[in-house]
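Take a look at the letters that make up each chain.
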Amino acid sequence: MTSKPKKLVTLDEYIIQSQNRFPGATGELSQLLRDIGLAAKIISREVNKAGITSLLGADGSKNIHGESVKKLDLFADEQLISALNRSLITCMVISEENDGIVSLNSQGGKYIVYLDPLDGSSNIDVNVSIGSIFSIYMRQTRYDPNPSESDALQSGVRQVAAGYVLYGSSTMMVYTTGLGVSAFTLDPSIGEFILFDDDFSMPKHGTIYSINEGSYNSWGEGLKKYIKYCQKEDPENGRPYSARYIGSMVADIHRTLVKGGIFIYPSSKVYPKGKLRLMYECNPLSFIIEQAGGMATNGDKRIMEIDPSAIHERTPIYIGSKQNVEEAMKFISSDKEMAVEAG
Ligand code: AHM
Ligand code: MG
């Protein structure tokens, strides 16, 4: 007997099916997610041929066809912003590539979108995985014709959707609207994202730690002890853990989502507030990780409960499998208690 072929579900079909479960839905968020999916396909195409067309680092140069080319991160920024501008649902975008807010055509649009158009820029030139990250909020001053930066300063718990696109050995789009995590793989032969998993959950504990260990000497004592703990021989408890660090947050988080473990970008002497950006790196990836059963904190507070004071602000982050992050917190907090005792 031949088995029935599995029905392939495209990203667009899935978004519409999900929307149909909510009778009052206007379809605007669905449209917004589809717009991001379309931009992601265009970016994925350019990422894949970047080496050939010299899009890598050559801002202002000409490609082999004599056309002027943009740096890949600027190209990604433009594609995402113009996709969001077309559908007149988004009033403003905040992007890593732009200092201030970018007002879009639809000043009455009800959504605000944060973007890291191409995360992992140091990996662009060396053919290693990079990604795009998005985080979507509803604006609070619905009828103000001039939305301002303060509209965008909302804590991560108010995100209505968030996700990332990973340009890896295959291109994947992973997103959440707060009802679990859905993941899609791009089939380049038909140009469609195909549903891979509509209820992604992550291991409660993993045996991988991920941190830029080159900065060891500028960490706090608690973190140093935690990393030594990860490296300590204890086969019954899966230690020593393996170290993996790609240097593209999207790729490191995707591995953490699939295999479990912990990713850390701490505060250090070089980056006292951490390096990664709260609004378009840490909040959206924390939303995904939490929805998959993991957790994310800055060492003191849940990432998504931080009250932002600036659109480009940074935060330290400890994110991953619940048990690993809790384990790390014991070291980080005992360090703080010791500091209190020492006055
Ligand atoms: P970017 O947005 O300029 O690419 O910087 C963010 C990236 C993250 O993807 C990654 O986790 C981190 O920077 C790596 O930093 P470092 O090289 O200091 O380890
Ligand atoms: Mg980034």
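Structural data are supplied above this passage.
Attention here is on the structure that accompanies the text.

Each value, and the rule that gives it
Residues numbered from 1 in each chain as written. Chains lettered and ligands numbered in written order. Predicted model: local features only at pLDDT ≥ 70, side-chain atom pairs only at ≥ 80, totals over all residues. Heavy atoms only, no water. Near = heavy atom within 4 Å. Polar contact = N/O pair within 3.5 Å; in protein donor to acceptor, adjacent residues only side chain to side chain. Areas by Shrake-Rupley, 256 points an atom, 1.4 Å probe, with all protein chains shown as cover. 1 Å grid on protein atoms, 1.4 Å probe; cavity = no way out; pocket = protein on both sides within 12 Å on 5 of 7 lines; lining within 4 Å. Sits in = over half its atoms within 2 Å of the grid points. Helix = DSSP H or I, 4+ residues; strand = E, 2+ residues; numbered from the N terminus. Nonpolar A, V, L, I, M, F, W, Y, C, P; charged D, E, K, R; others polar. Buried < 20%, exposed > 50% of the residue type's maximum accessible area, 1.4 Å probe, protein only. Pairing = 2+ DSSP bridges. Phe/Tyr/Trp six-rings, centres within 6.5 Å; stacked < 30°, edge-to-face > 60°. Lys NZ or Arg CZ within 6 Å of the ring centre and 35° of its normal. Points joined across faces, edges and corners; volume = space filled by probe spheres on them. Domains from an automatic or database assignment.

Attention shifts here to the site of ligand 1. Near ligand 1, the surroundings consist of 15 residues, among which Gly120, Ser121, Tyr245, Met249 and Tyr265 are the closest. The side chain of Glu96 places a nitrogen or oxygen atom 3.0 Å from an oxygen atom of ligand 1. At 2.6 Å from an oxygen atom of ligand 1 is found a side-chain nitrogen or oxygen belonging to Tyr265. Burial of ligand 1 by the protein chains amounts to 84% of its free accessible area of 470 Å². Judged by the fraction of its atoms near the pocket grid, ligand 1 is located in the second largest pocket. Breaking the shell around ligand 1 down by element, the ones donating at least two residues are strand 3 (111-119) and strand 11 (262-265). Split by residue class, the shell around ligand 1 holds five nonpolar, five polar and five charged.

When you tally the buried positions in strand 7 (residues 181-187), you get five out of seven residues, the bulk of the element. Alignment of strand 6 (residues 171-176) against strand 7, held across five bridges, turns out to be antiparallel. What sits directly across from Met173, in strand 7, is Phe184. Both strand 7 and strand 8 (residues 192-197) contribute to a ladder of five bridges, which runs antiparallel. Its bridge partner being in strand 8, Thr185 is matched across the sheet by Ile194. Between the end of strand 7 and the start of strand 8, which pair antiparallel, lie four residues, with Gly191 showing a positive phi angle near 65°.

Evaluation of the coordinates by the stated rule reveals ten aromatic pairs. Arranged with centres 6.3 Å apart and planes meeting at 5°, the rings of Tyr245 and Phe263 form a pair that is stacked. Pair noted here: Tyr245 is in the loop between strand 10 (242-243) and helix 7 (249-259) and Phe263 is in strand 11, with a separation of 18 residues, a long-range link. Judged by relative accessible area, which is 33%, Tyr245 ranks as partly exposed. Arranged with centres 6.1 Å apart and planes meeting at 75°, the rings of Tyr265 and Tyr271 form a pair that is edge-to-face. Given a relative accessible area of 10%, Tyr265 falls into the buried group. An aromatic cluster is built from Tyr14, Tyr175 and Phe184, whose rings are joined through pairwise contacts. When the ring centre of Tyr229 is taken as reference, the NZ or CZ atom of Arg239 above it lies at 3.8 Å.

Okay, the layout of surface pockets next. Reported here for the largest pocket is a volume of approximately 530 Å³. Around the largest pocket sit 23 residues that line it, and Ser18, Phe22, Leu29, Thr177 and Leu179 are the ones nearest its centre. A breakdown of the residues in the lining of the largest pocket according to their chemical character gives eleven nonpolar, eight polar and four charged. Its volume calculated, the second largest pocket comes out at about 390 Å³. What lines the second largest pocket is a set of 23 residues, among which Asp119, Gly120, Lys275, Leu276 and Glu281 lie closest to the centre. Mapped by element, the contributors of at least two residues to the lining of the second largest pocket are strand 3, helix 7 and strand 11. Ranked by residue count, the leading element in the lining of the second largest pocket is strand 3, at three residues. Classifying every residue of the lining of the second largest pocket gives seven nonpolar, six polar and ten charged. Looking at which domains feed residues into the lining of the second largest pocket, each of domain 1 (11-197) and domain 2 (208-342) supplies at least three.

That is the geometry; function is a separate question.
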